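# A closer look at the structure
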Amino acid sequence: MLQTKRSYRGMVTAPHHLAAQAGLSVLSDGGNAIEAMIASAAAIAVVYPHMNGLGGDSFWLIGKPGSAPIGIQACGRSAMAADRNWYRERGCTAIPGRGPLAALTVAGTVDGWEKAQNLSRRQHGGRLPMSRLLQDAIRYAWEGVPVPQTLHENIKKKRPELQDVPGFADVYLPNGAPLAVGSKLRQPRVADTLARLSQAGLSDFYRGDLARSMAADLEKAGSPLRLPDFERYQATLVTPLSLDVAGHKVFNMPPPTQGLASLLILGLYARRIANEADGIDHLHRLVECTKAAFRVRNRHVTDPDYMERAAVDFLTEESLAALDKTVATDRAAPWPDPSKHGDTVWLAATDRSGLSVSFIQSIYWEFGSGVVLPQSGVTWQNRGTSFGLGENDTNRLEPSRLPFHTIQPAMAELSDGRLMSYGTMGGEGQPQTQAAIFSRYALHGQDLQSTVTAPRWLLGRTWGEENNNLKIESRFDAGTIEAMRSLGHDVQVVGPFEEFMGHAGAIVWHPDGLLEGASDPRSDGVVAAR
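Residues numbered from 1 in each chain as written. Predicted model: local features only at pLDDT ≥ 70, side-chain atom pairs only at ≥ 80, totals over all residues. Heavy atoms only, no water.

The protein chain is annotated in an unreviewed UniProt entry as Gamma-glutamyltransferase of Afipia broomeae ATCC 49717.

## Considering the overall build of the protein chain
Quick reminder of the rule: Put simply, DSSP marks the helices as runs of H or I at least four residues long and the strands as runs of E at least two long, and each gets a number from the N terminus on. Just to be clear, the radius of gyration here is over C-alpha atoms, and the globule rule we use is 2.2 Å times residues to the power 0.38. Only protein chains enter the calculation, and the probe is 1.4 Å; a residue is then buried if its accessible area is under 20% of its type maximum, exposed if over 50%, and partly exposed in between. A contact between two residues is defined here by any heavy atoms of the two lying within 4.5 Å.
Of regular secondary structure, the protein chain possesses 18 helices and 19 strands. For the protein chain, whose C-alpha radius of gyration is 21 Å, the value lies close to the compact-globule estimate of 24 Å for 530 residues. Counting all 530 residues of the protein chain, 66% fall into the buried class. For the protein chain, the share of sequence-separated contacts (at least 6 apart) that also reach a separation of at least 24 residues comes to 73%.

## Examining the sheet that holds strand β16 (residues 491-494)
As a reminder of what qualifies: Strand pairing is assigned whenever DSSP detects at least two bridges linking the two strands. Only the contacting stretch of a helix is used when fitting its axis, a line to C-alpha atoms as for every element, and angles between N-to-C directions run 0 to 180 degrees.
The sheet built from three strands is open, its strands ordered β14-β15-β16 with mixed pairing. Every interior strand has two partners, whereas the edge strands, β14 (457-459) and β16, have only one. Strand-to-strand twist in this sheet, taken as the mean axis angle between neighbours without regard to direction, amounts to 20 degrees. Note that β14 and strand β15 (residues 470-473) share three bridges and pair antiparallel. Looking across to β15, one finds that L459 is bridged to L470.

## Here we look at the nonpolar core
The following threshold applies: In this description, a nonpolar core means a group of buried Ala, Val, Leu, Ile, Met, Phe, Trp, Tyr and Cys residues linked to one another through side-chain atoms lying within 4.5 Å.
W60, Y87, W113, Y172, F205 and W380 are the most contacted members of the largest nonpolar core, which totals 96 residues. No other element matches the twelve residues that helix α2 (residues 33-47) contributes to this core. If sequence neighbours within four positions are ignored, Y87 has contacts with A82, C92, I95, P96, L101, L104, P224, L389 and L397. Ranked by size, the runner-up nonpolar core spans 56 residues in total, among them L286, A293, A436 and A506.

## Notes on the pattern of salt bridges
Counted only if it meets this: Definition used for salt bridges: Asp or Glu carboxyl oxygen within 4 Å of a side-chain nitrogen of Lys or Arg.
Within this structure, the stated rule accounts for 31 salt bridges. With its nearest N and O atoms 3.5 Å apart, the salt bridge here joins D303 to R77. Of this pair, D303 sits in the loop between α14 (280-300) and α15 (317-324) while R77 sits in the loop between β4 (67-74) and α3 (84-88), and the two are 226 residues apart along the sequence. By relative accessible area, which is 1% here, D303 ends up buried. Each member of the salt-bridge network shares a partner with another, and the members are R84, R88, E391, R396 and E398.

## Brief notes about α15
Cut-off, in case you're wondering: As used here, the arc is the angular range of directions from the helix axis to the C-beta atoms.
Listing the buried residues of α15 in full gives S319, L320, L323 and D324. An end-on view of α15 places all buried positions within 135 degrees of arc, on one side of the element. Facing away from the buried side of α15 by more than 90 degrees, the exposed set consists of E317 and E318.

## Some details on the sheet that holds strand β12 (residues 410-413)
Pairing is antiparallel across the open sheet formed by seven strands, whose spatial order is β1-β18-β17-β13-β12-β9-β8. The outermost strands of the open sheet, each flanked by one partner alone, are β1 (5-7) and β8 (241-245). Mean inter-strand twist for the sheet, computed between neighbouring axes without regard to direction, equals 20 degrees. Relative to β8, helix α13 (residues 259-269) is tilted by about 10 degrees, and along the sheet it contacts β8, β9 (248-252) and β13 (419-423).

## Some points on the domain arrangement of the protein chain
The cut-off we apply is this: Where each domain begins and ends follows an automated or database-derived domain assignment. By buried area we mean how much accessible surface two parts lose on assembly, using a 1.4 Å probe and totalling the loss over both. Each residue receives one of three labels: charged for Asp, Glu, Lys and Arg, nonpolar for Ala, Val, Leu, Ile, Met, Phe, Trp, Tyr, Cys and Pro, and polar for the others, Gly being one of them.
Segmenting the protein chain into domains produces domain 1 (5-77 + 105-218 + 344-379) and domain 2 (255-342 + 408-529). Look at where the C-alpha atoms of domain 1 and domain 2 centre, and you get two points 26 Å apart. Contacts between the two partners involve 51 residues from domain 1 and, on the opposite side, 43 residues from domain 2. Roughly 3,600 Å² is buried in total at the junction of domain 1 and domain 2, and carbon and sulfur atoms are behind 62% of that figure. At the boundary of domain 1 with domain 2, the tally comes to three salt bridges. Linking E516 and R6 is a salt bridge whose minimum nitrogen-to-oxygen distance equals 3.1 Å. Looking at the side of domain 1 that touches domain 2, its residues break down into 26 nonpolar, 16 polar and nine charged.

## Comments concerning the side chain of S78
The criterion, for reference: Polar contact is the term for a pair of N or O atoms within 3.5 Å; when the atoms are in protein, one must be able to donate a hydrogen and the other to accept it, and sequence-neighboring residues count only if both atoms are side-chain atoms.
Here S78 lies in the loop between β4 and α3. Taking the relative accessible area as the measure of exposure, S78 reaches 2% and is therefore buried. Engagement of the side chain of S78 in a polar contact is seen with the backbone nitrogen of R401, the distance being 2.9 Å. Apart from the residues within four sequence positions on either side, S78 is in contact with L104, T105, D229, F387, L397, E398, P399, S400 and R401.

## Topic: the environment of D164
For D164, the position within the fold is in the loop between α7 (149-162) and α8 (168-172). Owing to a relative accessible area of 71%, D164 belongs among the exposed residues under this scheme. D164 sits 65 residues away from G99 along the chain, and the two C-alpha atoms are 8.5 Å apart.

## Some remarks on unusual backbone geometry
That bond from P255 to P256 is cis: its omega, 20 degrees, falls within 30 degrees of zero. Along the chain, P256 turns up in the loop between β9 and α13. Residue A246 is not a glycine yet carries a positive backbone phi of 55 degrees. Relative to the elements of secondary structure, A246 occurs in the loop between β8 and β9. At D278, a residue that is not glycine, the phi angle is positive and equals roughly 75 degrees. Structurally, D278 is set in the loop between α13 and α14.

As C-alpha cells, then:
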C-alpha cells in the first residue's frame, strides 16, 4: 500500500515517475517550484504522449502561503478561418473528433511555459535557463523511454479511429502493430523540436521557423489553422475563482474551464457535510451536488466573452442557496445531462519556501486529433471538437473563440495555513475526483495518500463508452453500493483501480515547512521528494 510521502526541501508529484524526477532534479539544482514544473511538463509531454504534448493546452495555479494565487490560461483559440460555414461546406454536421478537421485550435501550452518562466524570474528569483529546464525531456525524446501499459492499451483501443490519420501510424504503429509494453519509444523529431525551443526561445513555436513549419504542415493536412493564428497567440494571466468552503479558501480556474463546477460541488456539499467520508451520505450527497453543478456548467460555461453571466455570480451565497434547493436529498435526481470528456495529465510541485504549482496539460481526447506533424513530430490537440455547429449551442463555433475546457487545476488555503495543491486528469471526472480528495482530506481528516488511493466514482461518460451512469469502483463497501441503488442511482460496479477514474495527486505544504505528497496507484506516477 502506498504511504503519504513527507519531506521538507521540495516535492513533485506526477502521473509518470520520469516526469516527477525531472522536476525534482531542477529543485536539486536550485530551481524553484515553477521551474521544476516546466521541466516536469516538458518531460511528461514526451513520456505520456497519449495524454498531453506540445500540441495541446495547459492551465496553471501558482500560489505561495499568505498570497493570493495567480492563474495562467494557456489555451488556444479557434482558427480565424474556422466558422460554421467552413465546416458545412466540407459536409460536416458536427466537427469531426479525429483528423485534420479536428485540429482547429492553436496549441497554448508552450507559451504557458514561457509565461510561467517570466513570472518565476520576476517574482520568485528564478534563474535556470530554458535549456536546463528542457534537458530531461530532450533526453527522453532522443534516447527513448519504455512504453507504459496505459500508452499500449490506448493505442490498441483507439487504433480503428486513428490509424489512417496523418502521421499517427508512423509513431504509434511501427511495423503495423501497437507499440509493445516495455519497448523503446524514441521521438527524435520531438527531441529536435524541444532542442530548437531551448536554443531559439519558446516564442519560436508561435513566431519563428518552428511556427512556420507547423502551420505549413497543418494546412497541407487540411486543418483550418494558419500562421497568423500562431503569430497572434498569447497565454494570459488570470485571477482564479475562489470560494469559502467550511472555512477553507478553495481556488480554481475561471471559464472557459469547468473550474466553476468544481467549486460549486464543494460549496453545495459544505452546506450539509456528511458525518464521515465514503459512506452513503458522503457519496450520495457529492453525486447530487455534481448533477446540480454540471447543469450550471452545461448551460452557462463557455468562452467568457460569450457568457451572459459572470462566473463569480454563481458563487454568491444567494446563488448557492438557490442551487442547493435543486439538490436531491433522499432520492437520485434524473440523469444524464450532456457530458464532457477528455484526457490530460495533472502535476504539482512545491519548493521549500512554500511556492506551489498546481498544473494541468492536455491534448483533449487520448492522442488529440491524432495528427502528428511530419516536420516537428508534434501531435495536435482536438480541443475544438467541443464546439458545436448549431446556432443555439452554448459553445457554438466562431472564429478565434476559446473552446470549453474540462481541464482545471485546484488549490486550497486551509483554515490552519496549510496550502494544498491537488487535481487529476479525467474529463468529466475531474471535478468529482477533486471533490473526493478535498472533502476526504480537508473536511473529514483522512490521510493524504488515502484520499487518492481510496475507491472513487464517476458520474457520466468515460473513455469510449456511451452510457452516462454512475460508475463505482468495486472497493466501496457492498452495503454502500446497494444503498446507492436503493436511492435510485443507476450504478455500474467497475474494477478496483480503474484508470478512467483519473490519475490524481496532491501536495500539502504545512506552516512548519513539512511537505506531504500523494500519487495515484492507477498511474505510473510517484511523489519525488528532497
